[in-house]
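What follows is each chain in one-letter form.
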Amino acid sequence: MRRDIDLQKEIALILDAVKKFGPRNISLIARQTGIPRETVRVRLLNMLPRYGFVIKMLPNYYKLGLARYFGYLRFSRQFADRAKDLLRWLGEKTYLMYWGKVLMRNEFVVIVTPPYRFEKEYLNLFEELADAGVLEDYWFRKVRAYGHPHASYRYFDFEKGRWSDYPVNDGEEEFDEVLVNEIDEAERAQYIVDSLDLKILQQLQHDALKDITDIAGDLGIHPRVVSYHFNEHVARKGLVAGWMVSYVPTQTLERGAGKFWMLTEPPNSPHELRQLVRDLARPPASCQSYNVLDNGSVAMHFVPTSDMSAVARYLSDSNLSEGVVVILSEANYYLITTELYYGNTWCMPETDLLAERVLIQYSDAIK
């Protein structure tokens, strides 16, 4: 056993192994790193979350037959008090995956993931809301690729519990990410999923380290059946895009405050995009995700690792093309809505009926 290494190197070894093998096989991580299994377990389940480092399972939405759109909503003044209630309802009942409220504005950043077969119909829902006076303005752009950079944990001092401007220890400083590119219709047809696959993904979205036995217990299904579906369907078909080492500031873990979105003009080259993401994936920021839109522009989500002034100085000194940065006061993320999948296909009610249901439910705010 390699017990001569310090805490900083120990955690770096563990997280390096997580990026390569995923977090679920703790015994494998222990063998690869030479760190005792119980130590690996304690670091992943207790110590890292205490400092804001969490492991996230990232579904491949494209392989699930779901498109991805990044959008911006501005609600009418009379609907301001009910906007978040409406978005929560859409997140729980439809294909809204994420919303973030812009600080001191009645505007929201959103991501929706409608099925390819219903994408036009689903987006029409927002046109209906605009016609009814709920939305003052809105726009959507299709996402052609999305990425999740791993947190730059080598810049974090686990002994002192704070970020550093420079790597704390030696080792690989290579930029790494989980990148998902849109696939065409012919390739999407190769991925056939069932409702149990989606329920397993939903469970892992909530807790990437959740044991198969616990998942089976929550779903009321025999563990062998769940294990088979995870190994033969979810894992083998690549329905999991990857496992992300993410940094979520502990003081904003629940509400999403202190997070930023930046929308930039199209980079001049893939190299320029990669450099931009790389720069914002290490102090003074930690990039959570980015979306490459169909017009070439990039929507990037990041949190500061220190005070915002350091991020402002970086953006001012950088060679970034024109863009807009907004700070969020609140945000919410929704799991895959398994209730919308039955008969081995994604379903959706008629958009006019869905819009009518929304308008009736929130009619008091529209009057």
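The structure presented is a predicted model; accordingly, all values stated were derived computationally and were not measured.

### Describing the layout of surface pockets
By volume, the largest pocket is sized at about 1,200 Å³. Lining the largest pocket are 41 residues, and of these Lys56, Gln205, Val248, Lys259 and Tyr333 lie nearest its centre. At the level of elements, α3 (37-50), β1 (53-59), β3 (96-102), β5 (135-149), α7 (195-206), β9 (240-247), β11 (285-293) and β13 (323-333) are the ones that each hand at least two residues to the lining of the largest pocket. Ranked by residues supplied to the lining of the largest pocket, first place goes to β1 with 7 residues. Tallied by class, residues from the lining of the largest pocket come to 25 nonpolar, 9 polar and 7 charged.

### Topic: empty space enclosed by the protein
A probe as big as a water molecule, rolled over the atoms, marks out the empty space that is left. One pass over the structure, following the stated rule, counts 1 cavity of 30 Å³ or more. By volume, the largest cavity amounts to about 90 Å³. Around the largest cavity sit 13 residues that line it, and Tyr95, Thr113, Leu335, Ile336 and Thr337 are the ones nearest its centre. Tallied by class, the residues present in the lining of the largest cavity amount to 10 nonpolar, 3 polar and no charged.

### What about the confidence of the model for the protein?
When the pLDDT values of the protein are averaged, the result is 88; 89% of them are 70 or greater. In this model residues 252-257 is a low-confidence stretch, pLDDT under 50, and it forms 8 contacts with partners more than four residues away in sequence or in other chains.

### Considerations on the side chain of Lys142
Mapped onto the fold, Lys142 is located in strand β5. In this structure Lys142 comes out as buried when scored by relative accessible area, which is 12%. Of note is the side chain of Lys142, whose polar atom sits 3.2 Å from the side chain of Glu119.

### A look at the pattern of salt bridges
The tally for this structure, following the rule as stated, stands at 20 salt bridges. Here Asp176 and Lys19 are joined by a salt bridge, their closest N and O atoms 3.9 Å apart. With a gap of 157 residues between them, Asp176 in the loop between β7 (162-163) and β8 (177-181) and Lys19 in helix α1 (residues 7-21) connect regions that are remote in the sequence. Exposure remark for Asp176: the relative accessible area of 33% places this residue in the partly exposed category. Residue classification places Lys19 among the partly exposed residues on the basis of a relative accessible area of 25%. Linking Asp85 and Arg88 is a salt bridge whose minimum nitrogen-to-oxygen distance equals 3.0 Å. Residue Asp85 and its partner Arg88 are both found in helix α4 (residues 83-93); the two are separated by 3 residues, about one turn of the helix.

### A closer look at the packing of aromatic side chains
Scanning all chains against the criterion turns up 24 aromatic pairs. Taking the centre distance of 5.7 Å and the plane angle of 40 degrees together, the rings of Phe53 and Trp163 count as tilted. Taken together, the positions of Phe53 in strand β1 and Trp163 in strand β7 put the pair 110 residues apart, joining distant regions of the chain. Look at Phe53 and you get buried, because its relative accessible area is 2%. One aromatic cluster in this structure is built from Tyr95, Tyr122, Phe126, Tyr138, Phe140, Tyr341 and Trp346. Arg24 extends its terminal NZ or CZ atom over the ring of Phe230, reaching a point 5.3 Å from the ring centre. Note that Arg68 overlies the ring of Tyr146, its terminal NZ or CZ placed 3.9 Å from the centroid.

Rules used in this analysis
Residues numbered from 1 in each chain as written. Predicted model: local features only at pLDDT ≥ 70, side-chain atom pairs only at ≥ 80, totals over all residues. Heavy atoms only, no water. 1 Å grid on protein atoms, 1.4 Å probe; cavity = no way out; pocket = protein on both sides within 12 Å on 5 of 7 lines; lining within 4 Å. Points joined across faces, edges and corners; volume = space filled by probe spheres on them. Helix = DSSP H or I, 4+ residues; strand = E, 2+ residues; numbered from the N terminus. Nonpolar A, V, L, I, M, F, W, Y, C, P; charged D, E, K, R; others polar. pLDDT = per-residue confidence, 0-100. Contact = heavy atoms within 4.5 Å. Buried < 20%, exposed > 50% of the residue type's maximum accessible area, 1.4 Å probe, protein only. Polar contact = N/O pair within 3.5 Å; in protein donor to acceptor, adjacent residues only side chain to side chain. Salt bridge = Lys/Arg side-chain N within 4 Å of Asp/Glu carboxyl O. Phe/Tyr/Trp six-rings, centres within 6.5 Å; stacked < 30°, edge-to-face > 60°. Lys NZ or Arg CZ within 6 Å of the ring centre and 35° of its normal.

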